[in-house]
Amino acid sequence: MIIFASKFETIVKRDAYHTQRKEAKQLKKPIMCKRNDAWLGEGFYFWIEEGDAIKWGHQSKRETGYFEIYKANIESDNILDTVFDEEQYNFWKNQIEKVSKQCFQETGKKANIKYICDYLTNRADWISKIDGILFADSPKGMDCLVDGFPYRKRIQMVIYHICCVKNFSFHKEFKCKKPW
Amino acid sequence: MVNLKELEKMVDETLAKETKESWNKWLEEESMKEVESFLGYGILSYIDDCKFHSSIQSECINVSYVFEKDNSDEPYNDYKNAA
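Remember, it's a predicted structure, so these values are computed and weren't measured experimentally.

The rules behind these values
Counting from 1, residues in each chain are numbered in the order their sequence is written. Chain labels run from A onward and ligand labels from 1 onward, assigned in the order the entries are written. Restriction of local features to residues with pLDDT of at least 70 applies here, the model being predicted, together with a cutoff of 80 or more for giving and counting side-chain atom pairs; totals for whole chains, interfaces and linings are based on all residues. Heavy atoms from the whole structure form the basis of all side-chain values; hydrogens and water molecules are not counted. Strands here are runs of E lasting at least two residues and helices are runs of H or I lasting at least four, both read from the DSSP assignment and numbered beginning at the N terminus. Using a 1.4 Å probe on the protein chains alone, a residue whose accessible area is under 20% of its type maximum counts as buried, one over 50% counts as exposed, and one in between counts as partly exposed. Contacts are assigned to residue pairs that have any heavy atoms within 4.5 Å of one another. For every accessible area listed, the method is Shrake-Rupley and the probe measures 1.4 Å; residues are considered covered only by the protein chains on display. Summed over both partners, buried area is the accessible surface (1.4 Å probe) that two parts give up on being assembled. Salt bridge criterion: a side-chain nitrogen from Lys or Arg within 4 Å of a carboxyl oxygen from Asp or Glu. Here is the rule: rings of Phe, Tyr and Trp (six-membered ring for Trp) pair when centre to centre is within 6.5 Å. Planes less than 30 degrees apart are stacked, more than 60 are edge-to-face, and the remainder are tilted. Patches were defined on residues exceeding 30% relative accessible area and lacking a salt bridge, with like-charge contacts within 9 Å and nonpolar side-chain contacts (Val, Leu, Ile, Met, Phe, Trp, Tyr) within 5 Å.

A. Structural context of the overall build of chain A. Tallying secondary structure elements over chain A gives three helices and eight strands in all. Each helix and strand of chain A, ordered N terminal to C terminal, gives the series β-β-β-α-β-β-α-α-β-β-β. Here chain A, with 180 residues, has 45% of them falling under the buried criterion. Excluding contacts between residues fewer than 6 apart, the proportion of contacts in chain A whose partners are at least 24 apart in sequence is 74%. With the model as given, the accessible surface of chain A reaches about 9,800 Å², and the carbon-plus-sulfur share is 52%.

Laid out in structure tokens, this is it:
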């Protein structure tokens, strides 16, 4: 990650990787994810580490037997960082819990991931104020060098505004391995 | 920079307007969107698969033609990329 700071602005640049199944033609821009189980709702999803992008391809982009990794620079000073910024992480956690709690109290129903993300990004209109969210899940340690020790974060980024995606280009192609 | 106070205010103001009815209506709408998205995604994936296989087939036909004529390496490279 590179930070350019001036008197007027701070721009954060991150290299990131986008995984898609192989098609007849290479992509010129990332594909918007509309999966129901997408953690942070509709947006352009990127991995911060190439290794995670490759594993995701083997795991979930198997339809054509091959997948491709694209590389891009994400440039923005307006991405909610729930991974490395403690204040932003606590803030994000509190907002999710606040919405979930009120939803449950009023309806007796538990909202799922997609509903809560839709609530924050669309109903509360965060999408008009931030460019994306950086977050990490909790791997069980299966992919780590130390067996069973989840010492590393698997970091993803959702980008809501394509203007933050610069220099999007083909990086590598892989043949899908058998599922593990 | 991300303005946390502004984001929090947006959430609080939205939550303050909610009623039991609006929550239920919203959950219902989300549920409908989920179904529509699932159906749309499934159908689009199927169409994409068809397009992919048909493009591979047509490229294979072109490549076999090139092999017979032995014209250039370029289509062969395309075939390698597609395969």
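B. Main features of the overall build of chain B. Each helix and strand counted, chain B has three helices and zero strands in total. Moving toward the C terminus, one meets the helices and strands of chain B in the order α-α-α. Counting the 83 residues in chain B, one finds 24% classified as buried. Put simply, chain B shows about 6,100 Å² of open surface, and 56% of that area lies on carbon and sulfur atoms.

C. Inspection of the interface of chain A and chain B at higher detail. Counting residues at the interface gives 39 residues for chain A and 35 residues for chain B. Contact with chain B buries surface across chain A, with A:Y115, A:Y119 and A:R123 losing the most and accounting together for 18% of the total. Put simply, chain A and chain B have four salt bridges between them. Across the pair B:E8 and A:K98 runs a salt bridge, and its minimum N-O distance is 3.4 Å. Elements supplying a minimum of two residues to the side of chain A that touches chain B: β5 (79-81), α2 (86-107) and α3 (113-123) of chain A.

D. Quick peek at the packing of aromatic side chains. In the structure shown here, the tally under the stated rule is nine aromatic pairs over all chains. Ring centres of A:F91 and A:W126 lie 5.7 Å apart, and the angle between their planes is 20°; on these two criteria the pair is classed as stacked. Within this pair, whereas A:F91 is found in helix α2, its partner A:W126 is found in the loop between α3 and β6 (132-137), the two being separated by 35 residues in sequence. By the ring-pair criterion, three or more aromatic residues cluster together here, those being A:Y115, A:Y119, B:W23 and B:W26.

E. Expanded view of a nonpolar patch on the surface. All names here are of chain A. Together, L145, V146, F149 and Y151 line one region of the surface with nonpolar side chains, adding up to about 460 Å² of accessible area. For Y151, the position within the fold is in the loop between β6 and β7 (154-159). On the basis of relative accessibility, which here comes to 40%, the residue Y151 falls in the partly exposed class.

It is worth stressing that arrangement in space is one thing and function is another; only the former is reported here.
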